[in-house]
Amino acid sequence: MSVFNQSRSRIIRLIFLVTFLVIAAQLFYLQVISGKYRQLAIDNAIFPKIIYPERGIIYDRKGKAILNNTISYDLMVTPAEVRNMDTLEFCRLMNIDTAEFKKRMLEARIKNTSVRPSVFEDLLTPQIQARFEENSWKFTGFTMVERPLRTYPFNAAAHILGYINEVSPREIENSGNFYRMGDYKGKTGLESYYENVLMGQRGVQYLIKDNKNRLVGKYENGSFDTAAVAGRGLRTYLDVELQQLAEKLMSNKVGGLVAIDPKTGGILAMVSGPNFNPNDLTGPDKSKNYGRMVLDVTGPMLNRAINGLYEPGSTFKPLGALVALDEGVITPSYGYPCGGRYTLCGHGKPACTHAGGGHAANLRLSIANSCNAYYAHVYRMTVDNPRYGNVKMGYLKWREYMNIFGLGVKLGVDLPSENRGNIPDTSVYNKENDNRWTSCTNLTLGIGQDKMQTTPLQMANAMCIIANRGYYYTPHFVQKIENETDDDTTVMNKFRKKHEVLTQIRDTSFNAVIEGMNDVVKFGTARIAQIPGIEVCAKTGTAENYTILDGKRIKLPNNSMFVCFAPKENPRIAIAVFVQNAGFGSTWAGPISRIMIEKYLNDTLQTKSKADLERIASTNLMPAYFKRLQFKTDSLRAIEWFQKTKDSSYLEKYTTIDVPVSSPPTSKSPHNRLERTELVAVLSFKKKNYPYKTGAPV
């Protein structure tokens, strides 16, 4: 063989050897080092079934489960595994159209990629669940996963308990990917505030799939499975029977009610009106119900007990009295010669409901008779106190007292989104009055008006401070967490701390205010709150109310307000009730409070209270202007929808057109006339060249 041929033979052998080594190395890498193909094989043969834990149960003060769990199913989809499927049959089974199918598949890919399971439809109805189970083998990539579903056995406490829903992409990102697509979390109420306690820990069960996508058994006998850990329960101060009673009393009304145990700060009941059934935000219809309530201008999902802002009116007067007593500008025997209105600021305002001599001869009488002039003057003496040099410094000291009482600050209740209310700073009055103002500028702060705004929770807590003679505990629902940890104790300690904020006020001062509030019930403006055998201390309140509608400022019926505590000695319950546009405090809010006290302290109702309960519960006090406001709001939404989509179906019920109709001819009118009906709240909109007219039912 020639030398040339021998050299070429070696080169060819070398090429084959190198190729073999490369292939062998690659095979070794793929089969031994890299788990990529092994993982792909596992993904095709193994289904990781997420086991969602049961969320913790919430109990009332008597141990009744007021928030519990039941089982439902979510339909999950892994888009990459969906193939060779009869889409039309699937859509018929799920009661959706193909457009909705494509939309959901696209959302699953965008939110969670095509290789991870996402929720295709949550909380299946029993009918759809049964149909899918029979046909699941036809639809590769789809599987059902158990989902613990919240249930509310008493249909009560919707604003307190809150609701859960699937986490959004932003919530996943904000959690550092702790949450995953398909996880649920608390959105409002105790569900949100105590999420870390209630949520539990998800588990995973690995199951084998056959070639028809059917689950046929456990993988490796479950050795890789992890068990779900149930969330821990909450024991609350809430009295569910009292809560149900309060919700019945506040039905068809706008406002808020809060009842607190002054000795612990435990909230016994809290209602916001209008209310809703908490079961409406769980189960298959939750999205539809949520959408309906969000569009309701009466705001059923707004918790007015912690977010509703109200001028406290005369319910504020006991607080103003205690501040003046502590500052030393009055004594319990201080009287004011009120002739029916306050005249020392030159305009004769505010007026009083009493004009008889001696009705404000001392502090106790001034509270019993709710003398406006007395408390306007007491406010002026407080902020004009010479020890502070000028009205601005005196006002800041007065404002500090308000914050101590819990007004103008967040109390820290264990619910999200609490409102701080409003006790304005001096800068507000400086700006409005060119930096020149006096105690006459805002003297109606002394009767709970001007720019003062409070929440029902704040006023109930203020009653606790008076009932306890100077101290309070931060209002809260949860008494203890099951199997409490050190982290839990850190959270709960703020609710167990005694705030001795006004204990320096002398007993004689507290006695004068408390006896005055007791006189309000005995022979004053709140005799409606009398309960045989129980000494009730209370204060009524009425505040004017306005709204802007159709560009006009409209005077509405007054707000009805009532604050109280009982019994006078060793108080066990403090209540604040605010009912919008309901008239005098003694008309509606007063009887509501009396029934609540009677039920809580006596565990029964006298015949008179039972009759009042049915009368109040059956009375609709929803403000009439909501009907007009709803119409305007919906019509504007219909216009906006049409402008975006050109879909006029929603528009038609809010708009009408000029329609030619036959009429007998006259010398003054044409043969045909135009008949126009009322509608929509948009002036410049036209359709098919027909003019639209504004107007709606009032």
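Quick note: structure is the one above.
Residues numbered from 1 in each chain as written. Predicted model: local features only at pLDDT ≥ 70, side-chain atom pairs only at ≥ 80, totals over all residues. Heavy atoms only, no water.

Caption draft 1: Inspection of the overall build of the chain at higher detail. Counting its regular elements, the chain contains 23 helices and 22 strands. The buried share of the chain, reckoned over its 698 residues, is 50%. Sequence separation of at least 24 residues holds for 71% of the intrachain contacts in the chain that already meet a minimum separation of 6. Surface accessibility of the chain: about 33,300 Å² in total, with carbon and sulfur atoms responsible for 52%. (Helix = DSSP H or I, 4+ residues; strand = E, 2+ residues; numbered from the N terminus. Buried < 20%, exposed > 50% of the residue type's maximum accessible area, 1.4 Å probe, protein only. Contact = heavy atoms within 4.5 Å. Areas by Shrake-Rupley, 256 points an atom, 1.4 Å probe, with all protein chains shown as cover.)

Caption draft 2: Region of the structure containing the side chain of Asp239. When you line up the elements, Asp239 lands in the loop between strand E10 (234-236) and helix H10 (240-249). Look at Asp239 and you get buried, because its relative accessible area is 5%. A distance of 2.9 Å separates a polar atom in the side chain of Asp239 from a polar atom in the side chain of Arg61. Look past the residues within four positions of Asp239 in its chain and what remains in contact with it is Asp60, Arg61, Lys62, Leu268 and Tyr600. (Polar contact = N/O pair within 3.5 Å; in protein donor to acceptor, adjacent residues only side chain to side chain.)

Caption draft 3: Quick peek at the sheet that holds strand E16 (residues 537-549). The sheet built from five strands is open, its strands ordered E12-E11-E18-E17-E16 with antiparallel pairing. Lying at the two open borders of the sheet, with one neighbouring strand each, are strand E12 (266-273) and E16. Across this sheet, the average inter-strand angle for adjacent strands is 10°, counted without regard to direction. Pairing analysis gives 12 bridges linking E16 to strand E17 (residues 552-566), with the strands arranged antiparallel. Paired with Leu549 across the strands is Lys552, a residue of E17. Strands in contact with helix H23 (residues 625-645) are E16 and E17; relative to E16, the strand with the most contacts, it is inclined by about 40°. (Pairing = 2+ DSSP bridges. Axes fitted to C-alpha atoms, helices over the stretch in contact; angles between N-to-C directions.)

Caption draft 4: Representation of the state of the cysteines within the structure. Across all of its chains, the model carries one disulfide by this definition. Note on cysteine connectivity: Cys345 is disulfide-linked to Cys440, with sulfurs 2.0 Å apart. On the sign convention where negative is left-handed, the bridge of Cys345 and Cys440, at about -85° about the S-S bond, is left-handed. Taken together, the residues span a long stretch of sequence, with Cys345 in the loop between helix H13 (317-327) and helix H14 (363-369) and Cys440 in the loop between helix H17 (426-432) and helix H18 (456-467) at a distance of 95 residues. Relative accessible area serves as the criterion here: at 17%, Cys345 is assigned to the buried category. (Disulfide = S-S within 2.5 Å.)

Caption draft 5: Structural detail: the packing of H13 against helix H20 (residues 507-523). In contact at an axis separation of 10 Å, H13 and H20 are set at 160° when each is read in the N-to-C sense. Between H13 and H20, the crossing angle belongs to the class labelled roughly antiparallel. H20 is crossed by H13, and the crossing has right-handed handedness. For the pair formed by H13 and H20, the contact residues are Pro318, Ala321, Leu322 and Leu325 on the first element and Ser509, Phe510, Val513 and Met517 on the second. Partitioning the contact of H13 with H20 into residue classes produces seven nonpolar, one polar and no charged. (Parallel < 35°, antiparallel > 145°, perpendicular 65-115°, else oblique. Left-handed = near helix turned anticlockwise from the far one by under 90°. Nonpolar A, V, L, I, M, F, W, Y, C, P; charged D, E, K, R; others polar.)

Caption draft 6: Region of the structure containing a nonpolar patch on the surface. A grouping of Leu14, Leu17, Val18, Phe20, Leu21 and Val22 is seen on the molecular surface, where their side chains present a nonpolar patch of about 600 Å² in accessible area. Mapped onto the elements of the fold, Val18 is located in helix H1 (residues 3-33). (Patch = residues over 30% accessible without salt bridge, like charges linked within 9 Å, V, L, I, M, F, W, Y side chains within 5 Å. Salt bridge = Lys/Arg side-chain N within 4 Å of Asp/Glu carboxyl O.)

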